[in-house]
Amino acid sequence: MSSMQKQSATQSQKLMIFVLSMSLYGLATLFTELIPSFQVGIVEFSVEYFLFIPLTLSMLFDPLSAALGAATGELVFSEIMLGQFGGLGELEKFLTVTIGVYIAGRLVRDPKNRAMVGVAAFVGTAAQLLMGTVVDILKVQLAVEDFEAVAGLPESVFATEGFAFLNDLLFSGILFALLPTLYLVPKLYGKIEPLIGMAPRTRDSAVSGISPKAILVCVIGFVCAIVAELLATAGTALIDWEAEWAESGTAMAIGIVVAAIVVIAVLLVMRRAGEKKAAVN
Amino acid sequence: MSKLMQKLSENILDKFSMDFLRNQVLKNAYGNDDTVIAGLDPRILLAWYLFFGLIPWFVNDIPFLLGCFLLVMVTTILARVAGLVLFLFALGVFAQTGYLFLVTLFFGGDASAIAPLLILTLKVATISLASITVFSGLDPDKLSNGLMWYGCPERLSFSISYAYRMLPMLMEEFQNVLLSYRLRGNPPAHDTFPGKVRYLIYQVKIIMQSFYPLMLNTAKRSRTTVEALELRGYRYAAVNKAVKKIRLSALRVSYNDWLFLAISGLVVAVSVLLSTLI
């Protein structure tokens, strides 16, 4: 960041913000993961979206630490702890949450300005949801072979994803992101900062405002999320290779099976020998 | 009928009490140290996960996918994962593909949509079960050591250890705050339908409001944590190679680990063989 001179957080305060945002958002996402959502018709009512927590924190403190903390919290508490870790997909979630929260935090110049807080909360949520939707559509398109050939599938994917986006934005976005943020930011302003040992954020403190550099960072992050998808496209080449190999590879497969059996036998013998040795010792 | 519904919803609410959730999460984290999976080396398990978490995405061969699926199913049983996690897994798989299938039918698709969706389901199920095996089967300290060995940022392994230690406390605190709000509040009557809606809104509002004291408390706590860490030189230790070496010196690869890898390799090879024979 170019403007780190005055009133920005020290390294240990950044770590505090990281830990704070991680534990709170992690706890909240753990609940959303555990409480099943229920559907009325095709409208989904869920307690999802505790995004107001990192949004609030990013408006009051250093946005980047709060954003990274929130994304890490979600990853650790609700994905790794519950064994829901999904590999590549988590990278995308991590990046979109980080970018969305970071944008919202940078947009707010003065936490006391309610209109600004509201707009920032809405923009941050929308950015996060939109990126998630784009990546979701790409993911299904790449995972299902002959995507276009299956009757009705392309339209249905676009329809469900588009609908889910609007539903999330209008329902969860307003109820669970906008209103609580509007309630919490003015209430916490000036009260929570002393607990971390720093001065409240003001109009001319360093972290406010969207700079070209911040935009660049966000774009690079989104490109990374897309690259994760391009990696999946590279996988289509791998499929062809696999099929080709499979046609001529019966002998090779038998060879691998035999080799694996031999390895297992040798390992079993070695383990027994090792145990005997340990017993003698 | 309405009585039955009421009983049912009460029953479900009982099951999903805060204590139940806490117990399940704790059980998942610390309750299965003595399983075969928990005894393996985290580095080997992570490498194993890299294969089963990634390769199925790129392969569309049904015998291969089935072989992988059966293997990870066995490992999940060996890891003795908590029931709630498995329930969430089933729910997740259905939500991802079953819902898509219904909508496909709605848009004039027919039974031809089943085959690709079946493949998709197999892929999703295999990958999630592999991750359940690794991330719920291992205890947190081992997991974070394994991740650290592979060069993951220190922040991540710190977060994992911190999360597992702090979570029970955080949950309890959240529950206490919530209960004190309930004690002081006056919930609207919920006999009629509008009353029920008002009651729901009231509940959601309380949850939102209880984050206000929770945020203040957690801010205080995180300051204490970080200051304690700083006193012990955490930020210097995190980037110091010698410290890392000491931390990771406890990791050992045993015969069991190689055996585990070899058996997995055997299953995969057999399924490849089957797919070439068919």
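Computed from a prediction, not measured in an experiment: that's the story for all the values here.

Quick notes on the overall build of chain B
Then, number 1: When helices and strands are counted, chain B shows 12 helices and zero strands.
Then, number 2: Ordered by position from N to C terminus, the α and β elements of chain B give α-α-α-α-α-α-α-α-α-α-α-α.
Then, number 3: Over its C-alpha atoms, taken along the principal directions, chain B stretches across nearly 70 × 65 × 30 Å.
Then, number 4: Per-residue burial for chain B yields a buried fraction of 48% across its 278 residues.
Then, number 5: For chain B, contacts bridging at least 24 residues in sequence account for 84% of all contacts bridging at least 6.
Then, number 6: Here chain B contributes 26 positively and 17 negatively charged side chains, and the mean placements of these two sets differ by 5 Å.

Some remarks on the nonpolar core
Then, number 1: Counting residues in each nonpolar core, the largest one holds 119 residues, and the members touching the most others are I53, M59, F61 and I192 of chain A together with W48 and F211 of chain B.
Then, number 2: If you tally residues by element for this core, the top one is helix α8 (residues 154-184) of chain B, at 14 residues.
Then, number 3: Once residues within four sequence positions are removed from consideration, I192 of chain A is found in contact with L20, L60 and F61 of chain A together with M215, L216 and A219 of chain B.
Then, number 4: Membership of the second largest hydrophobic core comes to nine residues, among which are V257, A260, I264 and L267 of chain A.

Describing the packing of helix α3 (residues 42-58) of chain B against helix α4 (residues 62-79) of chain B
All names here are of chain B.
Then, number 1: Between α3 and α4, the least distance of the axes is 11 Å, while the angle of their chain directions is 140°. Compared by their axis directions, α3 and α4 come out oblique. Note that α3 runs across α4; the crossing there is left-handed. Here α3 contributes W48, F52, I55 and P56 to the contact with α4, which in turn contributes F64, L65, C68, L71, V72 and T75.

With respect to the side chain of T56 of chain A
Then, number 1: Relative to the elements of secondary structure, T56 of chain A occurs in helix α2 (residues 52-60).
Then, number 2: In terms of polar contacts, T56 of chain A uses its side chain to reach the backbone carbonyl oxygen of F52 of chain A, at 2.5 Å.
Then, number 3: Once you skip the residues sitting within four places of it in the chain, T56 of chain A turns out to touch T181, L184, V185 and L188 of chain A together with M215 of chain B.

A closer look at the pattern of salt bridges
Residue and element names in this part refer to chain B.
Then, number 1: In the structure shown here, the tally under the stated rule is four salt bridges over all chains.
Then, number 2: Residues E154 and R247 are paired through a salt bridge, measuring 4.0 Å at the closest nitrogen-oxygen approach. Of this pair, E154 sits in helix α8 while R247 sits in helix α11 (residues 241-248), and the two are 93 residues apart along the sequence.
Then, number 3: Residue E154 is classed as buried on the basis of its relative accessible area of 14%.
Then, number 4: The partly exposed category is assigned to R247, whose relative accessible area is 34%.
Then, number 5: Put simply, E227 and R223 hold a salt bridge, and the shortest N to O gap is 3.1 Å. Taken as a pair, E227 and R223 lie in helix α9 (residues 193-231) at a separation of four residues, close to a single helical turn.
Then, number 6: What makes R223 partly exposed here is its relative accessible area of 28%.

Examining the confidence of the model for chain A
Residue and element names in this part refer to chain A.
Then, number 1: Looking at chain A as a whole, the pLDDT averages 74, with 70% of positions reaching at least 70.
Then, number 2: Mean pLDDT across the elements of chain A ranges from a minimum in strand β1 (residues 38-40), with 48, to a maximum in α2, with 90.
Then, number 3: When the criterion is pLDDT under 50, residues 39-43 qualifies, and its contacts beyond four places in sequence or with other chains add up to eight contacts.
Then, number 4: This model gives residues 233-246 a pLDDT under 50, and the stretch forms 10 contacts once residues within four places in sequence are excluded.

With respect to the domain arrangement of chain B
Residue and element names in this part refer to chain B.
Then, number 1: By the assigned domains, chain B splits into domain 1 (22-138 + 252-278) and domain 2 (157-239).
Then, number 2: Just the C-alpha atoms count here: the centres of domain 1 and domain 2 sit 33 Å apart.
Then, number 3: The interface is formed by six residues belonging to domain 1 together with seven residues belonging to domain 2.
Then, number 4: For the interface between domain 1 and domain 2, the tally reads zero salt bridges.
Then, number 5: In terms of residues, the side of domain 1 that touches domain 2 owes the most to one element, helix α2 (residues 18-30), which gives five residues.
Then, number 6: Each residue belonging to the side of domain 1 that touches domain 2 can be placed in one class, and the counts come to five nonpolar, no polar and one charged.

Things to note about the packing of α3 of chain B against helix α6 (residues 114-137) of chain B
Residues and elements named next belong to chain B.
Then, number 1: Two elements in contact, α3 and α6, have axes separated by 8 Å at closest approach and are oriented at 170°. Considering their axes alone, α3 and α6 lie roughly antiparallel with respect to each other. Residues L45, L46, W48, Y49, F52, G53, P56 and W57 of α3 form the contact with α6, whose participating residues are L120, K123, T126, I127, A130, S131, T133, V134 and F135.
Then, number 2: Per-class residue counts for the contact of α3 with α6 are 12 nonpolar, four polar and one charged.

Here's the deal with the packing of aromatic side chains
Then, number 1: On inspection of all chains with the given rule, the structure shows 10 aromatic pairs over all chains.
Then, number 2: On the basis of an interplanar angle of 45° and a centroid distance of 5.4 Å, the ring pair of F174 of chain B and F211 of chain B is categorised as tilted. On the criterion of sequence distance, the pair formed by F174 of chain B in helix α8 and F211 of chain B in helix α9 is long-range, its members being 37 residues apart. The same class applies to F174 of chain B as to F211 of chain B, namely buried.
Then, number 3: An aromatic cluster is built from F50 and F52 of chain A together with F174 and F211 of chain B, whose rings are joined through pairwise contacts.
Then, number 4: Directly above the aromatic system of Y212 of chain B lies the positively charged group of K187 of chain A, at a separation of 4.4 Å from the ring centroid.
Then, number 5: Between R43 of chain B and the ring centre of W149 of chain B, over which it is positioned, the NZ or CZ distance is 5.0 Å.

Focus on a nonpolar patch on the surface
Then, number 1: Residues I254, V258, V262, V266 and M270 of chain A together with V253, Y255 and W258 of chain B make up a contiguous nonpolar surface patch of roughly 670 Å² in combined accessible area.
Then, number 2: Looking at the nonpolar patch element by element, the count peaks at five residues for helix α9 (residues 250-280) of chain A.
Then, number 3: Relative accessible area serves as the criterion here: at 37%, V253 of chain B is assigned to the partly exposed category.

Rules used throughout
Residues numbered from 1 in each chain as written. Chains lettered and ligands numbered in written order. Predicted model: local features only at pLDDT ≥ 70, side-chain atom pairs only at ≥ 80, totals over all residues. Heavy atoms only, no water. Helix = DSSP H or I, 4+ residues; strand = E, 2+ residues; numbered from the N terminus. Buried < 20%, exposed > 50% of the residue type's maximum accessible area, 1.4 Å probe, protein only. Contact = heavy atoms within 4.5 Å. Lys, Arg positive; Asp, Glu negative; His and termini not counted. Charge placed at Lys NZ, Arg CZ, Asp CG, Glu CD. Core = buried A, V, L, I, M, F, W, Y, C linked by side-chain atoms within 4.5 Å. Axes fitted to C-alpha atoms, helices over the stretch in contact; angles between N-to-C directions. Parallel < 35°, antiparallel > 145°, perpendicular 65-115°, else oblique. Left-handed = near helix turned anticlockwise from the far one by under 90°. Polar contact = N/O pair within 3.5 Å; in protein donor to acceptor, adjacent residues only side chain to side chain. Salt bridge = Lys/Arg side-chain N within 4 Å of Asp/Glu carboxyl O. pLDDT = per-residue confidence, 0-100. Domains from an automatic or database assignment. Nonpolar A, V, L, I, M, F, W, Y, C, P; charged D, E, K, R; others polar. Phe/Tyr/Trp six-rings, centres within 6.5 Å; stacked < 30°, edge-to-face > 60°. Lys NZ or Arg CZ within 6 Å of the ring centre and 35° of its normal. Patch = residues over 30% accessible without salt bridge, like charges linked within 9 Å, V, L, I, M, F, W, Y side chains within 5 Å. Areas by Shrake-Rupley, 256 points an atom, 1.4 Å probe, with all protein chains shown as cover.

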